[in-house]
2 protein chains.
Amino acid sequence: MIKNIDKYCKDNNIKLTPVRLKVLELLQNEKCGLGAYRILDLLRDAGFNSQPPVAYRALDFLVEHGFVHKIESQNSFVACTDPGAHHSPVFMICKKCDSVSEAPASATASDLSEALMATGFKVEQTIIEAEGVCSTCADT
Amino acid sequence: MIKNIDKYCKDNNIKLTPVRLKVLELLQNEKCGLGAYRILDLLRDAGFNSQPPVAYRALDFLVEHGFVHKIESQNSFVACTDPGAHHSPVFMICKKCDSVSEAPASATASDLSEALMATGFKVEQTIIEAEGVCSTCADT
DNA sequence: ACTGTAATGTTATATTATATCATGAGGTTT
DNA sequence: AAACCTCATGATATAATATAACATTACAGT
Ligand SMILES: [Zn+2]
Ligand SMILES: [Zn+2]
Ligand SMILES: [Zn+2]
Ligand SMILES: [Zn+2]
């Protein structure tokens, strides 16, 4: 998946610097959202400078370029499962195991845009987070 | 609208105390989301005790009973436009004027639930926030 | 070497939210 | 009425999340 991202960076003339790459890797290794200060701790463990702006800048960059998404209801961050592609993600947040999965449900966002268009509102971006129980947890 | 709420409170044996009512009224008088500390200031202006827990407790109560919704992407709160009814709201947040409107689009949430069900995820609650430009702002 | 831009370092502070324990106001039971 | 229970509020402190501001460095283009 880093391959896609490398290509995207070259094409768009942006740089995945060491700290940005490290944050991305940390998020890709997790199935739960990580808070900025958790990320900061992990960065410190990995030998990076550990002041808050370091983490927030890396996260801002990653979110801006679509490599990472912010989970608003948790103030946490997750790696995108389809980076580079322009999409309106839907997140499934499990109340039992805290896992966050990005659903491939792209239809929803356009349905939503259309429904809201009828009210005169022009949608530019949607935040869709579903809380519930994931299939793994449902089995137990 | 307070009528519905009064009835709901009686039916459910819960109390809309002065501070809770005041917070609700403050939110009903606004078309934008208000942050907890903004509410705290307004409470102080109205002669109430102004420590953070006062506002958060009132907000927790109001959200818990569906009289108020939290806008996760803003850490702000808005009064519900259909309190008492069990619903999955969709919010339209204008980037220009900051107004927050609750859309009557109830279909979206059930569509979403069904789409996610296919992945094995059982939706209990959805957070849907659409950012864009409201009809008023579009005209200008 | 000079210059412009993006990135990082560093310190301080702003904003949002909760933990904890004490006090009070109303009902219910005895 | 007194004792008791429950819910709500008062009050202090602190945790968790996020940004402002300014200094320094890296590095590409001239
Ligand atoms: Zn994504
Ligand atoms: Zn789970
Ligand atoms: Zn509502
Ligand atoms: Zn507007």
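Residues numbered from 1 in each chain as written. Chains lettered and ligands numbered in written order. Predicted model: local features only at pLDDT ≥ 70, side-chain atom pairs only at ≥ 80, totals over all residues. Heavy atoms only, no water.

## Section: the overall build of chain A
Link 1 in the chain: Each helix and strand counted, chain A has six helices and five strands in total.
Link 2 in the chain: In chain A, the succession of helices and strands from N to C terminus is α-α-α-α-β-β-β-β-α-β-α.
Link 3 in the chain: Sorting the 140 residues of chain A into buried and exposed places 43% on the buried side.
Link 4 in the chain: In chain A, once contacts between residues fewer than 6 apart in sequence are set aside, the share between residues at least 24 apart is 51%.
Link 5 in the chain: For chain A, the separation between the mean place of its 14 positive charges and that of its 18 negative charges on side chains is 7 Å. (Helix = DSSP H or I, 4+ residues; strand = E, 2+ residues; numbered from the N terminus. Buried < 20%, exposed > 50% of the residue type's maximum accessible area, 1.4 Å probe, protein only. Contact = heavy atoms within 4.5 Å. Lys, Arg positive; Asp, Glu negative; His and termini not counted. Charge placed at Lys NZ, Arg CZ, Asp CG, Glu CD.)

## Side note on the relation of the copies chain B and chain A
Link 1 in the chain: Relative to chain A, chain B is turned by 180° and slid 0.0 Å along the rotation axis, the superposed coordinates differing by an RMSD of 0.0 Å. Such a combination of turn and shift is consistent with a two-fold rotation axis. Taking C-alpha positions as the reference, the residue of chain B nearest the rotation axis is B:Ile128, at 2.2 Å. (Least-squares fit on C-alpha atoms with pLDDT ≥ 70 in both.)

## Focus on the packing of helix α2 (residues 18-28) of chain B against helix α4 (residues 52-64) of chain B
Residues and elements named next belong to chain B.
Link 1 in the chain: Direction vectors running N to C along α2 and α4 enclose 75°, while the axes themselves pass 9 Å from each other. It follows from the interaxial angle that α2 and α4 lie roughly perpendicular. Across the interface between the two elements, Val-19, Arg-20, Val-23, Leu-24 and Leu-27 from α2 touch Val-54, Ala-58, Leu-59, Phe-61 and Leu-62 from α4.
Link 2 in the chain: Among the residues forming the contact of α2 with α4, the class breakdown is nine nonpolar, no polar and one charged. (Axes fitted to C-alpha atoms, helices over the stretch in contact; angles between N-to-C directions. Parallel < 35°, antiparallel > 145°, perpendicular 65-115°, else oblique. Nonpolar A, V, L, I, M, F, W, Y, C, P; charged D, E, K, R; others polar.)

## Observations concerning the coordination of the zinc ion (ligand 4)
Residues and elements named next belong to chain B.
Link 1 in the chain: Coordination of the zinc ion (ligand 4) by the protein involves Cys-94 (SG), Cys-97 (SG), Cys-134 (SG) and Cys-137 (SG), with metal-donor separations of 2.1 to 2.3 Å.
Link 2 in the chain: Classification of the site at the zinc ion (ligand 4) as tetrahedral follows from its four donor atoms and the range of 107 to 112° in their angles at the metal.
Link 3 in the chain: In the primary sequence, the donor residues of the zinc ion (ligand 4) line up as C-x2-C-x36-C-x2-C. Each member of the pair Cys-134 and Cys-137 is classed as buried. (Donors = N, O, S within 2.8 Å, 3.2 Å for Na, K, Ca; no water. Tetrahedral: all angles 85-135°; square planar, octahedral: opposite > 155°, others 65-115°.)

## Some points on the interface of chain B and chain A
Link 1 in the chain: Contact residues are listed per partner, giving 29 residues for chain B and 30 residues for chain A.
Link 2 in the chain: For the chain B face of the interface with chain A, the top three residues by lost area are B:Phe121, B:Ile127 and B:Glu131, together amounting to 23%.
Link 3 in the chain: Taken together, chain B and chain A are joined by two salt bridges.
Link 4 in the chain: The partner of B:Lys95 in a salt bridge is A:Glu124, with the nearest N and O atoms 2.6 Å apart.
Link 5 in the chain: On inspection of chain B and its partner chain A, the count reaches 12 residue pairs in polar contact (both at pLDDT 80 or more).
Link 6 in the chain: Elements supplying a minimum of two residues to the side of chain B that touches chain A: β3 (90-94), α5 (107-117) and β5 (122-133) of chain B.
Link 7 in the chain: Among the elements that make up the side of chain B that touches chain A, the one with the highest residue count is β5(B) (12 residues).
Link 8 in the chain: Residues belonging to the side of chain B that touches chain A are distributed by class as follows: 15 nonpolar, eight polar and six charged.
Link 9 in the chain: Pairing of strand β5 (residues 122-133) of chain A with β5(B) involves 11 bridges; the strand directions are antiparallel. (Buried area = accessible area lost by both parts, 1.4 Å probe. Salt bridge = Lys/Arg side-chain N within 4 Å of Asp/Glu carboxyl O. Polar contact = N/O pair within 3.5 Å; in protein donor to acceptor, adjacent residues only side chain to side chain. Pairing = 2+ DSSP bridges.)

## Topic: the coordination of the zinc ion (ligand 2)
Link 1 in the chain: Within the first shell, the zinc ion (ligand 2) binds the protein through A:Cys94 (SG), A:Cys97 (SG), A:Cys134 (SG) and A:Cys137 (SG), at distances of 2.1 to 2.3 Å.
Link 2 in the chain: For the zinc ion (ligand 2), the four donor atoms are set out with angles of 107 to 112° between them, so the coordination reads as tetrahedral.

## With respect to the protein's contact with DNA strand D
Link 1 in the chain: Neighbouring residues of DNA strand D: 14 residues in total, closest A:Tyr37, A:Tyr56, A:Lys70, B:Thr17 and B:Arg57.
Link 2 in the chain: Each atom of DNA strand D within 4 Å of the protein belongs either to a base or to sugar and phosphate, the latter forming 47%.
Link 3 in the chain: Here A:Tyr37 contributes a side-chain N or O atom positioned 2.6 Å from a base nitrogen of DNA strand D.
Link 4 in the chain: The separation between a base nitrogen of DNA strand D and a polar side-chain atom of A:Arg57 is 3.3 Å.
Link 5 in the chain: At the level of secondary structure, the elements contributing two or more residues to the surface near DNA strand D comprise α4 (52-64) of chain A together with α2 and α4 of chain B. (Near = heavy atom within 4 Å.)

## Concerning the pairing of β5(A)
Link 1 in the chain: The pairing of strand β3 (residues 90-94) of chain A with β5(A) spans five bridges and is classified as parallel. Along β5(A), the bridge assignment pairs A:Ile93 with A:Glu131.

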